[in-house]
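# Structure assessment
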Amino acid sequence: MNNRVLIVDDSLFMRYKLKNMIETFGDIVVSEAVDGIEAIEKFQEIQPDLTFLDITMPRMNGICALKKIKAQNSNAKVVMVTAMSQGSFIKEALKIGAADYVCKPFEENSIREMMDKYLK
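Everything numeric here is computed off the predicted structure, so don't read it as measured data. (Residues numbered from 1 in each chain as written. Predicted model: local features only at pLDDT ≥ 70, side-chain atom pairs only at ≥ 80, totals over all residues. Heavy atoms only, no water.)

## Looking at the pattern of salt bridges
- Considering all chains together, one arrives at seven salt bridges under this definition.
- For the salt bridge of K104 with D54, the shortest nitrogen-to-oxygen distance reads 3.4 Å. Taken together, the positions of K104 in the loop between strand 5 (100-103) and helix 5 (108-118) and D54 in strand 3 (residues 50-54) put the pair 50 residues apart, joining distant regions of the chain. Judged on exposure class, the residue K104 and its partner D54 are both buried.
- Overlapping salt bridges bring together D9, D54 and K104 as one network. (Salt bridge = Lys/Arg side-chain N within 4 Å of Asp/Glu carboxyl O. Helix = DSSP H or I, 4+ residues; strand = E, 2+ residues; numbered from the N terminus. Buried < 20%, exposed > 50% of the residue type's maximum accessible area, 1.4 Å probe, protein only.)

## Details of the side chain of R15
- When you line up the elements, R15 lands in helix 1 (residues 12-23).
- For R15, the contacting residues outside a window of four places in its chain are I7, D9, D10, E32, A33 and V34. (Contact = heavy atoms within 4.5 Å.)

## Digging into the packing of helix 1 against helix 5
- Contact geometry of helix 1 with helix 5 gives a least axis separation of 10 Å together with a crossing angle of 60 degrees. In terms of axis orientation, helix 1 runs oblique to helix 5. Helix 1 and helix 5 meet at a crossing whose hand is right-handed. Taken together, the residues of helix 5 that come into contact with helix 1 (itself represented by L18, M21 and I22) are E108, I111 and M115.
- Per-class residue counts for the contact of helix 1 with helix 5 are five nonpolar, no polar and one charged. (Axes fitted to C-alpha atoms, helices over the stretch in contact; angles between N-to-C directions. Parallel < 35°, antiparallel > 145°, perpendicular 65-115°, else oblique. Left-handed = near helix turned anticlockwise from the far one by under 90°. Nonpolar A, V, L, I, M, F, W, Y, C, P; charged D, E, K, R; others polar.)

## Considerations on the nonpolar core
- In this structure, V8, L53, L66, V78 and M80 are the most contacted members of the largest nonpolar core, which totals 21 residues.
- Sorting the residues of this core by element identifies strand 1 (3-8), helix 2 (36-46), helix 3 (62-72), strand 4 (78-82) and helix 4 (87-96) as the ones contributing at least two each. (Core = buried A, V, L, I, M, F, W, Y, C linked by side-chain atoms within 4.5 Å.)

## Regarding helix 3
- The set of residues buried in helix 3 consists of G62, I63, A65, L66, I69 and K70. Along the axis of helix 3, the buried residues cluster in a sector spanning 155 degrees; they form a single face.
- Buried-residue contacts for helix 3 involve helix 2, strand 3, strand 4 and helix 4.
- The opening residue of helix 3, the one whose side-chain oxygen lies 3.0 Å from the backbone nitrogen of I63, is N61. (Arc of directions from axis to C-beta. Polar contact = N/O pair within 3.5 Å; in protein donor to acceptor, adjacent residues only side chain to side chain.)

## Quick look at the sheet that holds strand 2 (residues 28-33)
- Ordered by their spatial adjacency, five strands build an open sheet running 2-1-3-4-5, and the pairing between neighbours is parallel. Each end of this open sheet is capped by a strand with a single partner; those strands are strand 2 and strand 5. On average, each strand axis in the sheet is inclined to that of its neighbour by 20 degrees, with strand direction left out of account.
- Sheet topology note: the strand 3/strand 4 ladder contains four bridges and is parallel. Within strand 4, the position partnered with T51 by the bridge is V78.
- With respect to the sheet, helix 3 is in contact with strand 3 and strand 4, its orientation differing from that of strand 4 by roughly 175 degrees. (Pairing = 2+ DSSP bridges.)

## Describing unusual backbone geometry
- In this chain, K104 is followed by P105 through a cis amide linkage whose omega measures -5 degrees.
- Within the secondary structure layout, P105 lies in the loop between strand 5 and helix 5.
- Even without glycine at this site, Q47 takes up a positive phi of about 45 degrees.
- Here Q47 is to be found in the loop between helix 2 and strand 3.
- Taking relative accessible area as the criterion, Q47 reaches 36% and is therefore assigned partly exposed.
- At R59, a residue that is not glycine, the phi angle is positive and equals roughly 65 degrees.
- Here R59 is to be found in the loop between strand 3 and helix 3.
- R59 sits in the exposed class, given a relative accessible area of 63%.

Printed below as a string of structure tokens:
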């Protein structure tokens with residue numbers, strides 16, 4: 001059974017970059033969403049094993065989306081994606097139930113670490 005990963009980011013470039021890194025890890029089906037509203041719809045639809053969720057997005061930010069995703073599935077594994085200066089948002093996200101976080105720009109080692117840690 002393939003693992004399912006959801007990437008949520010309003011930046012096409014960031015989604016593309018992260019998707020390419022993830023696909024090098026083998027049998028993984030990657031889905032994408034551009035904002036928090038689409039993230040919630042895609043989450044319900046595909047029930048991903050791991051979600052990479054950007055914090056700063058239009059329409060609905062990652063914190064609001066995280067709350068709704070965790071309300072749907074308290075066991076959801078969500079890794080927040082952040083720019084370096086968003087420490088207070090990371091603390092809030094971890095309190096809400098985010099599993100972890102990763103900083104932009106992505107380093108392949110940190111993405112590999114998240115994949116190994118959360119996709120058994």
